[in-house]
Amino acid sequence: MHFPVNIPIGSAAIPVHFVCETLAYFLGYRYYAYLRKNTQDQISANNRLVIFIGAAFGAFLGSHIVGVLENLTLLSHFNLIYFMGNKTIVGGMLGGLIGVELTKKRIGVTVSSGDLMVYPLILAMIIGRTGCFLAGLEDGTYGIASNLPWAINFGDGIRRHPTNLYEILFWLMLWISLSLVERKHEFANGARFKVFMASYLIFRLLVEFIKPAYFFGFGLSVIQLVCIGGILYYYKVFLYPSKLIKTYA
């Protein structure tokens, strides 16, 4: 396979990464709309819209701020173009979380708004990371050099960890695990989203060790520090796992 993978259209070509990213948004939203239509949502349509706006604003800021801080040696090149050109999913997720919580507090919503988004987000992430993989080196989500049998040459002659494929596998396993749990139990309010976030933060904390990144002298990167902050925020998921399941009096 030749990277990056593009779709030829006459003398031009459309990057498959762009197609996958567009499909991720479209199919993720359609899946969410389907679930909301077939679920008794405790949040009104108007409040959902306001929460979405808060999430989008927080995700935009968080994604780009953490993206810019990923490599501190390049901060001297900071400008608007550099800011817009650097983003990361971890920053987007945690920024979106902050945006949602602040918005919900403002409009007085106390029930979870994230539970309904978990499966649509997983679907969107799988499609999006497929695009990242097919983009090869251009996307910057590849891993460090490796001699493992499944290591992949993305076009520079170096066989690397396909960390984007690792992430797709992670999302599939999480989707299956959540589905299996929900066959026998019912998650407490907000628990599904907490498991979703905590699981991904742990995965990213670990997988960053096999990705080329700027590491501080103590052995961690900016993204890993952000992940640790998020994990600490969700500490109750690990200390009190039994509270994730709804109990009936």
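Bear in mind that the values here come from a model prediction, so they are computed numbers and not experimental data.

**Overview of helix H6 (residues 163-184)**
Given 3.6 residues to a turn, an α-helix orients residues that are three or four positions apart in the same direction. Taking 1.5 Å as the rise per residue, H6 with 22 residues should run 32 Å; its terminal C-alpha atoms sit 32 Å apart, in good agreement. Of all the residues in H6, the buried ones are Thr163, Asn164, Glu167, Ile168, Phe170, Trp171, Leu174 and Leu178. Viewed along the axis of H6, the buried residues span an arc of 155°, placing them on a single side of the element. Facing away from the buried side of H6, by more than 90 degrees, are the exposed residues Leu169, Met173, Ile176, Arg183 and Lys184. Elements in contact with the buried residues of H6: helix H4 (89-107), helix H5 (118-135) and helix H7 (191-207).

**Some thoughts on unusual backbone geometry**
Looking along the chain, the bond that leaves Phe3 and enters Pro4 is cis, with omega of -5°. Structurally, Pro4 can be placed in the segment before strand E1 (6-9).

**Examining a nonpolar patch on the surface**
Together, Phe57, Phe60, Leu61, Ile65, Leu69, Leu72, Leu75, Phe78, Leu80 and Met84 line one region of the surface with nonpolar side chains, adding up to about 890 Å² of accessible area. Within the residue set of the nonpolar patch, elements represented by two or more residues are helix H2 (45-69) and helix H3 (80-85). With five residues, the single largest contributor to the nonpolar patch is H2. Inspection of the secondary structure assignment puts Phe57 in helix H2.

**Observations regarding the pairing of E1**
Alignment of E1 against strand E2 (residues 12-15), held across four bridges, turns out to be antiparallel. Each bridged residue has a counterpart across the sheet, and for Asn6 the counterpart in E2 is Pro15. Hairpin connection of E1 to E2: two residues between the antiparallel strands, including Gly10 at a positive phi of 65°.

**Points about the nonpolar core**
Core analysis: the biggest nonpolar cluster contains 39 residues, and Ile122, Trp171, Leu178, Phe196, Tyr200 and Tyr234 have the highest contact counts within it. Mapped by element, the contributors of at least two residues to this core are helix H1 (16-37), H4, H5, H6, H7 and helix H8 (222-233). At 11 residues, H7 tops the list of elements feeding residues into this core. With residues up to four places along the chain from it excluded, the contact list for Tyr234 reads Leu97, Phe193, Lys194, Met197, Ala198 and Leu201. Residues Val16, Ala124, Ile127 and Ile152 belong to the second largest nonpolar core, which totals 11 residues.

**As for the UniProt feature "transmembrane region" (unreviewed entry) in the chain**
Taken from the UniProt record, the annotation "transmembrane region" (unreviewed entry) applies to residues 6-28, 49-69, 81-104, 116-137 and 216-235. Secondary structure within residues 49-69 divides into 100% helix and 0% strand; the distance between the first and last C-alpha atoms comes to 30 Å. The span residues 116-137 is 82% helix and 0% strand, and its two end C-alpha atoms sit 34 Å from each other.

**Section: the environment of His17**
Mapped onto the elements of the fold, His17 is located in helix H1. Each C-alpha atom of the pair His17 and Phe83 lies 21 Å from the other, and the pair is 66 residues apart in sequence. With residues near it in sequence (within four places) discarded, His17 still touches Gly128, Gly131, Cys132, Ala135 and Asp139.

Reading the values: the criteria
Residues numbered from 1 in each chain as written. Predicted model: local features only at pLDDT ≥ 70, side-chain atom pairs only at ≥ 80, totals over all residues. Heavy atoms only, no water. Helix = DSSP H or I, 4+ residues; strand = E, 2+ residues; numbered from the N terminus. Expected span 1.5 Å × (residues − 1). Buried < 20%, exposed > 50% of the residue type's maximum accessible area, 1.4 Å probe, protein only. Arc of directions from axis to C-beta. Contact = heavy atoms within 4.5 Å. Patch = residues over 30% accessible without salt bridge, like charges linked within 9 Å, V, L, I, M, F, W, Y side chains within 5 Å. Areas by Shrake-Rupley, 256 points an atom, 1.4 Å probe, with all protein chains shown as cover. Salt bridge = Lys/Arg side-chain N within 4 Å of Asp/Glu carboxyl O. Pairing = 2+ DSSP bridges. Core = buried A, V, L, I, M, F, W, Y, C linked by side-chain atoms within 4.5 Å. UniProt positions renumbered as here; feature names shortened; annotations may be inferred.

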